[in-house]
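Breakdown of the fold
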Amino acid sequence: MRMASFPSGRQVPVLGQGTWNMGEKASQRKDEVRALQLGLDLGMTLIDTAEMYGEGGAEEVVGEAIAGRRDEAFVVSKVYPHNASFEGAQAACERSLRRLKIDCIDLYLLHWQGHHPLAQTFDAFETLKKAGKIKAYGVSNFDLENMEESMTYGAPATNQVLYNLVKRGIEFDLLPWCRQQGMPLMAYSPLESSGREQAALLENPGLRAVAEARGVTPAQVALAWVLHQDGVIAIPKAVDPVHLRANRAAADLLLSDDDLAALNRAFPPPRRRRALDMR
């Protein structure tokens with residue numbers, strides 16, 4: 001699988017796994033653990049989670065899935081904004097480590113900007129990094145102005161944002177800026193999240209025409225399009241083994257210039273700056 005590089009030089013696969021909505025129902029836990037383990041088997045070794053997901057339940061699922069396989073997994077977690085004070089972020093990280101059952105988080109993110117000063121949050125991240133509790137840190141749901149501010153306080157490794165064929169606003173300013181910085185961007189909900197929004201994406205006639213011509217599913221084309229973007233890492237969530245394997249196959253799908261032109265007609269790129277899309 002193609003790899004992406006963080007400013008530190010650390011490489012990760014461009015296709016990872018998300019865990020939003022995992023860890024919420026005990027009846028689904030075994031399937032969720034097996035799904036993450038299958039993803040590891042398929043080379044999707046970056047696993048994204050957060051203390052918010054299932055109020056820690058998703059982190060526990062991740063911890064169970066990577067038990068005995070820690071060296072294979074690149075673990076990303078996120079701190080709630082209301083926990084992102086200097087002391088609060090460190091305490092939150094310790095709780096996440098216990099739920100994940102690991103000694104160090106590979107990449108720790110501020111989930112979105114809250115009322116605590118960013119300088120204070122980054123000081124906490126630097127303290128955690130020096131203590132060996134995290135290897136790198138970054139942010140999530142930051143627009144360009146937020147990112148420019150963040151660079152005055154530290155060295156975020158990434159920005160995780162909502163990005164897919166429908167939600168292309170970041171292409172106007174944020175994505176080019178990240179590329180100039182050599183900073184990979186992590187795309188959550190690359191296939192949309194809610195049933196209605198996902199249906200609107202996958203039932204688009206232009207997308208379906210490209211998929212039919214290539215002999216693949218609309219979801220695979222939509223995911224391949226995200227992965228085609230330079231410097232972008234996608235983290236779709238899937239529990240069904242069929243969906244996991246389809247996602248992995250999408251990483252090997254090379255879209256032609258004609259495919260890309262057709263998708264641009266169906267989902268026009270932004271012509272002006274837009275407010276950052278968030279879930």
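First, a word on scope: everything that follows refers to the structure included in this document. What you see is a predicted model; the values in this text were computed from it and never measured. (Residues numbered from 1 in each chain as written. Predicted model: local features only at pLDDT ≥ 70, side-chain atom pairs only at ≥ 80, totals over all residues. Heavy atoms only, no water.)

Attention now goes to helix 6 (residues 174-181). Residues Leu174, Leu175, Trp177 and Cys178 constitute the buried set of helix 6. Down the axis of helix 6, the buried set is contained in an arc of 160°. They therefore lie on one face. As for helix 6, its buried residues are in contact with helix 5 (144-150), strand 7 (159-162), strand 8 (185-188) and strand 9 (232-234). Where helix 6 ends, the next residue or the one after it, Gly182, has phi of about 70°, a positive value. (Buried < 20%, exposed > 50% of the residue type's maximum accessible area, 1.4 Å probe, protein only. Helix = DSSP H or I, 4+ residues; strand = E, 2+ residues; numbered from the N terminus. Arc of directions from axis to C-beta. Contact = heavy atoms within 4.5 Å.)

This part covers the pairing of strand 6 (residues 137-140). The side-chain alternation of strand 6 yields two buried faces, one formed by Tyr137 and Val139 and the other by Gly138 and Ser140. Pairing between strand 5 (residues 107-110) and strand 6: three bridges, direction parallel. Following the sheet pairing, Leu109 is matched in strand 6 by Gly138. Once the chain exits strand 5 it traverses helix 4 (residues 118-130) before rejoining the sheet at strand 6, and the crossover so formed is right-handed. Considered for its hand, the β-α-β crossover made up of strand 6, helix 5 and strand 7 is right-handed. (Pairing = 2+ DSSP bridges. Right-handed = clockwise from strand over helix to strand, strands pointing away.)

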